[in-house]
Amino acid sequence: METESEPYVRLSTLRQLHQVVADLNTARSLADTLQTVADGVVAGLNYELACVNLVRPDGDLVVAAFAGSSAAEALITGRVGSRASWERRLSMATAWGDLRFIPHTEGWVLMEDDVPQWHTDGPAPRFEDEWHPHDRLYAPMYASGSGRELLGVISVDRPRNGRHPGPWGQEALQMYASQSAIAISNARLRSNMQRALVRLEREQQALRASEESFRQAFEYAPSGMAIAEMGGDQHGRLLRTNDALCRLLGRPAAAMRRYSFADLVHPEDIGTLLRTSAEGGRAELRLGRRDGTYVWVSLRNSVVADAADGPRFLLTHVEDIEERKRHELQLAHRASHDALTGLPNSAELRSRLSARLCERPAAHAAAEQAAGYGGGYESGRDGGYETGRDGGYDSGYNAGHTGQSGHAGHAGHSGYESPYEHEHEHGFGFEPAGVGPYDHHVHIVAPTGGDIDDGTKGLAVLFCDLDGFKSINDRFGHHTGDAVLIEVARRLTTGVRDGDTVARLGGDEFVVLADGLGAADAADLAVRLRNAIIPPIRVDGRAVRVGASFGIGWAECGMTVEEVLNSADQRMYVEKRSRAKVHRRAG
């Protein structure tokens, strides 16, 4: 390649090296860069053949570019040599600085390995530094840095001057390999950046498409959708609502942004809302409309987090279940109420009475009450009749005890009473720790003085049986009998408080549950109800009369429901027989 005693040859070679290195930086892609590396060896360093072997991600080396022979290029380009075979070649070669040289006298052992190679036969060298076709010269390319990661290997063959390269030729090839490694690294970096930009653009396009799809799905969903803030001072505030939710609640979107669901929920359902978990939580509750009414909805929550772990939002799906709730309540009402009178039926009566009883004996509850920490009613509580008033209970009792003995049994019961209402109380794992079987239970005790009022307030059970109803039913027919039962039910519900229960046990038998009464109060109530039933009942222009016999029993913890009802039933029959004897003596 050069006569080293001639400085102008070195200068010429340096100029060629400078040119081919400059060409490395003009390549537009990694493939162009690799081919430019191979072409530069042939054009600038005066070798007839050059091959660029590039390290693949799996560690093996592939022939990525070839220059100097189209036949050889077609034969070996794209073929792969294992990393182990390459490591063997580089380790057995003679080191010329960073270059590795394997003379033909040693290279015969490599003829059967899997490294792609192309060579021609030739005569034995005539002098010491003459190049032989089986000589192998490699220029490894390492990535910049302390790790010296192998990027590839440049293999060259057949110097044009036919001699082994001298020190200057070796230095030139080594410098070129170093610059080629930099060019390949830069080309890879550019290629990776271009792929990243393309991928980023595609992701942004996909994100925009996803956002648009979400917007359309959110805005045009047939059911209500809302996005609310999570955390911070504005936790729960509605940020965005769709048209369906605005129509459901009768509120414009601008007005909805001033509220949270806690502002809109029915007061009785606020606990259900607060116990609904953010992630995957479900609840059925009532939301307020603009006109002041409430609508039953089903809420389903999910958490939406920002891609960069930014603010988290609550996505809530709101489904109108008003019609389903109405049907459920109707079915529940039919199952628990008498079809004729609308009063609670026998099963509902037993359920309400059972809810007030527990298995703890009455003596234990009375002892606790005497000690001051039990659950009985205070003897001084004002809850009975005021005898000076005309027909009715003390209204002050009503405010303090409504709902303790069950809902009122008359048809005027207001509001929703969903069969699922209590399910929400524990539907999301909410249950105070350490709660025993009797905690929060108000134990009930019965007056012990018989007909004498000893001041004890309890749950009175009035068993009512109509007198003379069978003769009316037999004489005038079931239509008249049904009308009498309906009117009796109305008169009984009119004569009790809202918190008391009037139930039809079956046939012409009714039961009244009245809480917080003493013995005198219960007797007075029985008289008042009997007097309310006695007046004539007009049916189809005909006046009919029925009487009523009342038996007063008392519910007490430690008793069963059947024991309570049987006790009141027996007292009713005692009272009925005693009244019959009085009538016979009077006759």
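Here, every reference points to the structure presented above.
Residues numbered from 1 in each chain as written. Predicted model: local features only at pLDDT ≥ 70, side-chain atom pairs only at ≥ 80, totals over all residues. Heavy atoms only, no water.

Attention shifts here to the overall build of the chain. Looking only at helices and strands, the chain features 18 helices and 18 strands. Within the chain, the fraction of its 587 residues that count as buried is 44%. Of the contacts formed within the chain by residues at least 6 apart in sequence, a portion of 62% connects residues at least 24 apart. Total accessible area on the chain stands at roughly 30,500 Å², and carbon and sulfur atoms take up 51% of it. (Helix = DSSP H or I, 4+ residues; strand = E, 2+ residues; numbered from the N terminus. Buried < 20%, exposed > 50% of the residue type's maximum accessible area, 1.4 Å probe, protein only. Contact = heavy atoms within 4.5 Å. Areas by Shrake-Rupley, 256 points an atom, 1.4 Å probe, with all protein chains shown as cover.)

A word on the sheet that holds strand S6 (residues 136–142). What the seven strands build is an open sheet, ordered S3-S2-S1-S7-S6-S5-S4; its pairing is antiparallel. A single partner strand is all that each edge strand has here, and the edge strands are strand S3 (80–81) and strand S4 (94–96). Here S6 pairs with strand S7 (residues 150–159) via six bridges, running antiparallel. Considered in S7, the bridge of Leu137 is made with Val156. The strands touched by helix H4 (residues 83–92) are strand S1 (47–55), strand S2 (61–67), S3, S4, strand S5 (99–102), S6 and S7; relative to S6, the strand with the most contacts, the crossing angle is about 110°. This element, helix H5 (residues 167–219), spans S1, S4, S5, S6 and S7 of the sheet and lies at about 40° to S6. (Pairing = 2+ DSSP bridges. Axes fitted to C-alpha atoms, helices over the stretch in contact; angles between N-to-C directions.)

Before going further, it helps to spend a moment on the nonpolar core. The biggest cluster of nonpolar side chains holds 35 residues, and the ones touching the most others in it are Leu137, Ile154, Leu173 and Tyr176. Of all the secondary structure elements, the ones that give two or more residues to this core are helix H1 (7–24), helix H2 (30–44), S1, S2, S5, S6, S7 and H5. Top contributing element to this core by residue count: H5, with seven residues. Discounting chain neighbours no more than four positions away, the residues touching Leu173 are Leu45, Tyr47, Leu99, Leu137, Ala139 and Val156. Core analysis: the next-biggest nonpolar cluster, separate from the first, contains 33 residues, Leu462, Ala522, Leu529 and Ile537 among them. (Core = buried A, V, L, I, M, F, W, Y, C linked by side-chain atoms within 4.5 Å.)

Another point: the state of the cysteines. Counted by the stated rule, this structure contains zero disulfides. Between Cys358, a cysteine without a disulfide, and Cys557, which holds the nearest cysteine sulfur, the sulfur-to-sulfur distance is 3.4 Å. (Disulfide = S-S within 2.5 Å.)

Taken by themselves, the reported measurements are silent on function.
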